[in-house]
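# Notes for the structure review
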Amino acid sequence: QVQLVESGGGLVQAGGSLRLSCAASRRTFSSYVMGWFRQAPGKEREFVAAINWSSGSTIYADSVKGRFTIARDNAKNTLYLQMNNLKPEDTAVYYCNTFMGFGSYRNPLHAWGQGTLVTVSS
């Protein structure tokens, strides 16, 4: 079973930036789509961004478009989420996972990790 480990979260003021990382216990990303999701307290997990690992094509939720950038490093087998101009409403636990394709988010290929907490103060 592949383990996904998210890191890079923390406390930041509104307008600040953070970069999240997602590492897998073994190489598994190359044929699939990788995505970032987030879950705020009392809310359901929601889609943030995704990238086709081989082509580099990306897709974003409207709420983060223009502020967040998803990227991958093939050599390091690591997924990133660069978050700029953070807002208090971005406060959530952020998770990554692998999917068969864009939109196939109801069926993640691996168990969800523990996530990394991002807290944005106003």
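Details of the structure are given in the entry above.
Residues numbered from 1 in each chain as written. Predicted model: local features only at pLDDT ≥ 70, side-chain atom pairs only at ≥ 80, totals over all residues. Heavy atoms only, no water.

### Section: the environment of phenylalanine 99
As for its position among the elements, phenylalanine 99 is in strand S9 (residues 92–99). Judged by relative accessible area, which is 0%, phenylalanine 99 ranks as buried. As a C-alpha pair, phenylalanine 99 and alanine 14 span 85 residues in sequence and 31 Å in three-dimensional space. Not counting residues within four places of it along the chain, the set of residues in contact with phenylalanine 99 comprises Tyr32, Val33, Gly35, Phe37, Ser104, Tyr105, Asn107, Pro108, Leu109 and Trp112. (Helix = DSSP H or I, 4+ residues; strand = E, 2+ residues; numbered from the N terminus. Buried < 20%, exposed > 50% of the residue type's maximum accessible area, 1.4 Å probe, protein only. Contact = heavy atoms within 4.5 Å.)

### Describing the side chain of threonine 78
The topology assignment puts threonine 78 in strand S8 (residues 78–83). Among the polar contacts listed, one links the side chain of threonine 78 to the backbone oxygen of lysine 76, at a separation of 2.8 Å. (Polar contact = N/O pair within 3.5 Å; in protein donor to acceptor, adjacent residues only side chain to side chain.)

### Things to note about the pattern of salt bridges
Close approach of charged atoms lets side chains of opposite charge pair. Within the structure shown, the criterion is met by 4 salt bridges. With a shortest N-O distance of 2.9 Å, arginine 38 and aspartate 90 are connected by a salt bridge. Taken as a pair, arginine 38 in strand S4 (residues 33–39) and aspartate 90 in the loop between S8 and S9 lie far apart in primary sequence, 52 residues in all. Its relative accessible area of 5% is what places arginine 38 among the buried residues. The closest approach of N and O atoms between aspartate 90 and arginine 67, which form a salt bridge, is 2.7 Å. In this pair, aspartate 90 sits in the loop between S8 and S9 while arginine 67 sits in the loop between strand S6 (58–60) and strand S7 (68–73), placing the two residues 23 residues apart along the sequence. (Salt bridge = Lys/Arg side-chain N within 4 Å of Asp/Glu carboxyl O.)

### A word on the sheet that holds strand S1 (residues 4–7)
Taken in spatial order, the 4 strands line up as S1-S3-S8-S7 in an open sheet, and their pairing is antiparallel. What marks the edges here is a single partner per strand, and that holds for S1 and S7. This sheet shows a mean twist of 15° between the axes of neighbouring strands, independent of strand direction. Both S7 and S8 contribute to a ladder of 6 bridges, which runs antiparallel. Note that in S8 the partner of phenylalanine 68 across the bridge is methionine 83. (Pairing = 2+ DSSP bridges. Axes fitted to C-alpha atoms, helices over the stretch in contact; angles between N-to-C directions.)

### Side note on the nonpolar core
One finds Trp36, Leu79, Leu81, Met83 and Tyr94 to be the most contacted residues of the largest nonpolar core, which totals 34 residues. Counting residues per element, the ones that place at least two in this core are strand S3 (18–24), S4, strand S5 (46–52), S7, S8, S9 and strand S10 (116–121). Examining the composition of this core, we find that 5 residues originate from one element, S5, more than from any other. Setting aside residues no more than four positions away along its own chain, tyrosine 94 makes contact with Glu6, Leu20, Trp36, Phe37, Arg38, Val48, Phe68, Leu81, Met83, Gly115, Thr116 and Val118. (Core = buried A, V, L, I, M, F, W, Y, C linked by side-chain atoms within 4.5 Å.)

### Considering the pairing of S9
Residues in a regular strand project their side chains so that they alternate between the two faces of the sheet. Counting buried residues along S9, 7 of its 8 residues qualify, which places the element largely inside the surrounding structure. Taken together, the 7 bridges between S4 and S9 define a ladder with antiparallel strand orientation. For tryptophan 36, the partnering residue across the bridge sits in S9 and is cysteine 96. Of the pairings in the sheet, the one linking S9 to S10 comprises 3 bridges and is antiparallel in character.

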